[in-house]
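Single-letter residue listing:
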Amino acid sequence: MENYRKVRSEEAPGGVGTEWGGLSPDPFADLAPGAVHVRVKEGSKIRNLLAFAISSMAQPATRAIVFSGCGRATTKTVTCAEILKRRLTGLHQVTRLRYRSVREVWQSPPPGPTPGPSEPGTSLSVLKNMPSLAILLSKDALDPHQPGYQPPSPHSGPSSQPNGATSKRSLGEPAAGEGSAKRSQPEPGAAEENWTA
């Protein structure tokens, strides 16, 4: 593969698990029309996605949001959903997972010392099954018997850590139960006395 270069990449029809468990390619076909859909990509910035999601969910007309990502963006999709659940409490969650088939076409340079523009090289077609994830977060209660359902977190605050671990301290101040992190420095005159004695 070292002498090949990718020419194109396209979604293969009829791939493995192309349906989300229903007849529609949309993971949440029965969703209300006012729901927001956020497509997370590999290069997306989390702060931009969350700013849009939080401002959308702040509107009273928006009752649900869907984060979806494929391939390397799946971890970023989970991160966005988890941060939003901590910032906006009481959200119900349903997660759907599938594999999306992608066909990549690779082409090698033509043999010979000086390849001409009309001489095509050999091509190679690769079929990849990439994981795809969709996470629905809803302000309204969802069916708890459907696969992938998670109820809202029982914690009332944005974090479940105890109060002692989250207290802020100023720089240079030791944490509770720790000794001083700074080493005591002797005065300049005292240091010379210790070395000469």
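Throughout, a residue's number is its position along its own chain's written sequence, starting from 1. The predicted nature of this model means local features are confined to residues of pLDDT at least 70 and side-chain atom pairs, given and counted, to a pLDDT of 80 or more, with totals for whole chains, interfaces and linings taken over all residues. Calculation of side-chain values draws on the structure's entire complement of heavy atoms; hydrogens and water are dropped beforehand.

**As for the overall build of the chain**
By the criteria applied, helices consist of DSSP H or I runs no shorter than four residues and strands consist of E runs no shorter than two, each listed in order from the N terminus. Check the secondary structure of the chain and you find four helices and six strands. Secondary structure elements of the chain, listed N to C terminal, follow the sequence β-β-α-β-α-β-β-β-α-α. Should any heavy atoms of two residues lie within 4.5 Å, those residues are counted as being in contact. Of the contacts made within the chain by residues no fewer than 6 positions apart, 81% connect residues no fewer than 24 positions apart. Values of accessible area rely on a 1.4 Å probe in the Shrake-Rupley scheme; residue burial ignores everything except the protein chains shown. Here the chain has roughly 13,900 Å² of accessible surface; of this, 53% comes from carbon and sulfur atoms.

**Here we look at the side chain of Gln93**
Structurally, Gln93 can be placed in strand β4 (residues 92-107). Judged by its relative accessible area of 4%, Gln93 is buried. Side-chain polar atoms of Gln93 contact the side chain of Thr95, separated by 2.9 Å. Accessibility here uses a 1.4 Å probe with only protein chains present; expressed as a share of the type maximum, an area under 20% marks a residue as buried, one over 50% as exposed, and anything in between as partly exposed. As used in this structure description, the phrase polar contact means that two N or O atoms lie within 3.5 Å; if the pair is within protein, one of them must be able to donate a hydrogen and the other to accept it, and residues adjacent in sequence are counted only when both atoms belong to side chains.

**A word on the nonpolar core**
One recurring pattern in soluble globular proteins: nonpolar side chains tend to sit buried together. Definition of nonpolar core: a set of buried residues of the types Ala, Val, Leu, Ile, Met, Phe, Trp, Tyr and Cys, connected through side-chain atoms within 4.5 Å. One finds Val38, Val40, Ile65, Phe67, Leu84 and Leu137 to be the most contacted residues of the largest nonpolar core, which totals 17 residues. Mapped by element, the contributors of at least two residues to this core are β2 (36-40), α1 (46-57), β3 (64-70), α2 (74-87) and β5 (123-138). Top contributing element to this core by residue count: α1, with four residues. Phe67 has contacts with Val38, Val40, Ala53, Thr77, Cys80, Ala81, Leu84, Leu133, Ala134, Ile135 and Leu137, leaving out every residue within four places of it along the chain. Among the nonpolar cores identified, the runner-up in size contains seven residues, and Phe28, Val94, Ala134 and Tyr149 belong to it.

**Description of α1**
Helical geometry: 3.6 residues make up each α-helical turn, so side chains three or four residues apart lie on a common side. Its 12 residues place the ends of α1 16 Å apart at the C-alpha level, agreeing with the 16 Å of an ideal helix rising 1.5 Å per residue. Within the span of α1, buried status applies to Leu49, Leu50, Ala53, Ser56 and Met57. Mapping the buried residues of α1 onto a view down its axis gives an arc of 130 degrees, with all of them on the same face. In the core, the buried residues of α1 are packed alongside β2, β3, α2 and β5. Each helix should span, by expectation, one fewer than its residue count multiplied by 1.5 Å. The arc under discussion is defined with respect to the helix axis, by the directions toward the C-beta atoms.

**Here's the deal with the confidence of the model for the chain**
Mean pLDDT over the chain works out to 78, with 67% of the residues at or above the 70 mark. In predicted models, pLDDT denotes the confidence assigned by the predictor to each residue on a 0 to 100 scale. Note on residues 16-24: pLDDT under 50 across the span, and 20 contacts to partners over four residues away in sequence or across chains.

**Quick look at the environment of Trp106**
Take Trp106: it is sitting in strand β4. The class for Trp106 is buried, based on a relative accessible area of 18%. Considered as a pair, Trp106 and Ser9 are 97 residues apart in the sequence and their alpha carbons are 9.0 Å apart. There is a polar contact of 3.2 Å between the side chain of Trp106 and the side chain of Glu104.

**Details of the side chain of Ser101**
With respect to the helices and strands, the residue Ser101 is situated in strand β4. Residue class for Ser101 comes out buried when judged on its relative accessible area of 3%. A distance of 2.9 Å separates polar atoms of two side chains, one belonging to Ser101 and the other to Asn129.

**Remarks on the pattern of salt bridges**
Note on definitions: salt bridges are taken to be side-chain nitrogens of Lys or Arg within 4 Å of carboxyl oxygens of Asp or Glu. For the coordinates displayed, the defined rule picks out seven salt bridges. Between Arg63 and Asp140 there is a salt bridge, with the nearest N and O atoms lying 2.6 Å from each other. Here the residue Arg63 occupies a position in the loop between α1 and β3, and Asp140 occupies one in the loop between β5 and β6 (149-150), the gap between them amounting to 77 residues. Classification of Arg63 as partly exposed rests on a relative accessible area of 35%. By sharing partners, the salt bridges in this structure join Lys6, Glu104 and Lys128 into a single network.

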